[in-house]
Amino acid sequence: METVSENACFGGTQGVYTHRSEACHCDMTFGIFIPEEAQDGPVPLLWYLSGLTCTHENAMTKAGAQAWAADAGIALVFPDTSPRGEDVADDDVYDLGQGAGFYVDATQEPWTPHFQMESYIAEELPKVLMANFNLDEERQSISGHSMGGHGALTLAMKNLGRFRSVSAFAPICNPTASEWGKKQFSAYLGSDESLWAAHDATLLMKENGLDIPVLIDTGTKDQFLDLLMPEAFGHAALERREEITMRMQPGYDHSYFFISTFMEDHVAFHAEALYG
């Protein structure tokens, strides 16, 4: 692991690091905020998965999360959204290829060699973090925005017992029924739609449910609301009689202005689960 930068931040340290990924077969970059409490012992970890076109840097610089994480004594990791590099497959459109990994393990060419984001987030990066920072492996929660909200929800449901809580800002809730999903799953996973279900939060909720605290915020003026389909996830949770909190925030859109407005709520939500 190599240090790109380290800056003092709210009493702690905001760092950016690169490492060689065995899962993605390229160098990967992530940001992580470590609160000052880590000097005295292991601290809980909150994952934040970003959305389409983002890198590790967007939420790190725009979401305002470090202030609330510092108050709560929680570390906050910002992974990248895809593998990157000259030899990594890409596409001219914004919603496929680099910046659009969708947190799945690709099985189709030309994506297979590098686009193994589920394995990277669920298996490889946690080992890197635990080996290099003073983190409590038993206390982890996960959040994300849009494509990252999809990743947060699906990873929480596919790794039961790993996370103590999950939240999402404007998540893609039903990708097998949305153009933000059908296109990417076809490219990364192939034409067999039965294989897509394992990456759809609504279908996973119907099949398995989720027994940890769930918080989802979406703006009523979100310009991508028809692609996100939060109502599908809500109906699935209601059918299983799962306890979740879903809020439609009046007037808010899909931007980081929305995210930063409600970030305090989300960090506090996770802090309660992590310290409860």
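Residues numbered from 1 in each chain as written. Predicted model: local features only at pLDDT ≥ 70, side-chain atom pairs only at ≥ 80, totals over all residues. Heavy atoms only, no water.

Draft legend 1. Representation of the overall build of the protein chain. Counting secondary structure elements, the protein chain contains 9 helices and 9 strands. Its C-alpha atoms put the protein chain at 50 × 45 × 35 Å along the principal axes. In the protein chain, which comprises 276 residues, the share counted as buried stands at 60%. Relative to all contacts within the protein chain whose residues are 6 or more apart in sequence, the contacts with residues 24 or more apart total 72%. (Helix = DSSP H or I, 4+ residues; strand = E, 2+ residues; numbered from the N terminus. Buried < 20%, exposed > 50% of the residue type's maximum accessible area, 1.4 Å probe, protein only. Contact = heavy atoms within 4.5 Å.)

Draft legend 2. Examining the environment of Thr13 more closely. Within the secondary structure, Thr13 sits in strand 2 (residues 12–21). As a C-alpha pair, Thr13 and Asp87 span 74 residues in sequence and 32 Å in three-dimensional space. Those residues in contact with Thr13 that lie beyond four places of it in its chain are Glu6, Asn7, Ile32, Phe33 and Ile34.

Draft legend 3. Expanded view of the side chain of Glu124. By the element assignment, Glu124 lies in helix 3 (residues 117–132). Buried within the structure, Glu124 lacks any salt-bridge partner; Arg20 is the closest side chain of opposite charge, at an N-O distance of 8.4 Å. Looking at Glu124, its side chain comes within polar contact range of the side chain of Ser21, at 2.7 Å. Ignoring sequence-local partners within four residues, the contact set of Glu124 consists of His19, Arg20, Ser21, Glu22, Ala23, Cys24 and Ser119. (Lys, Arg positive; Asp, Glu negative; His and termini not counted. Salt bridge = Lys/Arg side-chain N within 4 Å of Asp/Glu carboxyl O. Polar contact = N/O pair within 3.5 Å; in protein donor to acceptor, adjacent residues only side chain to side chain.)

Draft legend 4. Representation of the pairing of strand 1 (residues 2–9) in the model. Looking at chain direction, strand 1 and strand 2 are connected through 7 bridges and run antiparallel. Note that in strand 2 the partner of Cys9 across the bridge is Gly12. (Pairing = 2+ DSSP bridges.)

Draft legend 5. Summary view of the pattern of salt bridges. With the rule as written, the count across this model stands at 8 salt bridges. For Asp27, the salt bridge is made with Arg20, and the minimal N-O distance between the two is 3.5 Å. Note that Arg240 is salt-bridged to Glu242, the shortest N-O span being 3.4 Å. In this structure, a network of salt bridges that share partners links the residues Asp217, Arg247 and Asp265.

Draft legend 6. Looking closely at the side chain of Ser167. With respect to the secondary-structure elements, Ser167 resides in strand 7 (residues 166–169). Under the relative-accessibility criterion, Ser167 is labelled buried at 0%. At 2.8 Å, the side chain of Ser167 and the side chain of Ser143 are in polar contact. In contact with Ser167, other than residues within four places in its own chain, are Ile142, Ser143, Gly144, Ala152, Leu215, His266, Phe269 and His270.

Draft legend 7. Fine view of unusual backbone geometry. With an omega dihedral of 0 degrees, the bond running from Glu109 to Pro110 counts as a cis peptide bond. Mapping Pro110 onto the fold places it in the loop between strand 5 (75–79) and helix 3. In this model, Thr53 sits at a positive phi of 75 degrees, which is unusual for a non-glycine residue. Here Thr53 shows up in the loop between strand 4 (43–49) and helix 1 (57–62). Not every positive phi belongs to a glycine, and Phe102 is a case in point at roughly 60 degrees. Of note, Phe102 is situated in the loop between strand 5 and helix 3. By relative accessible area, Phe102 is classed as buried at 0%.

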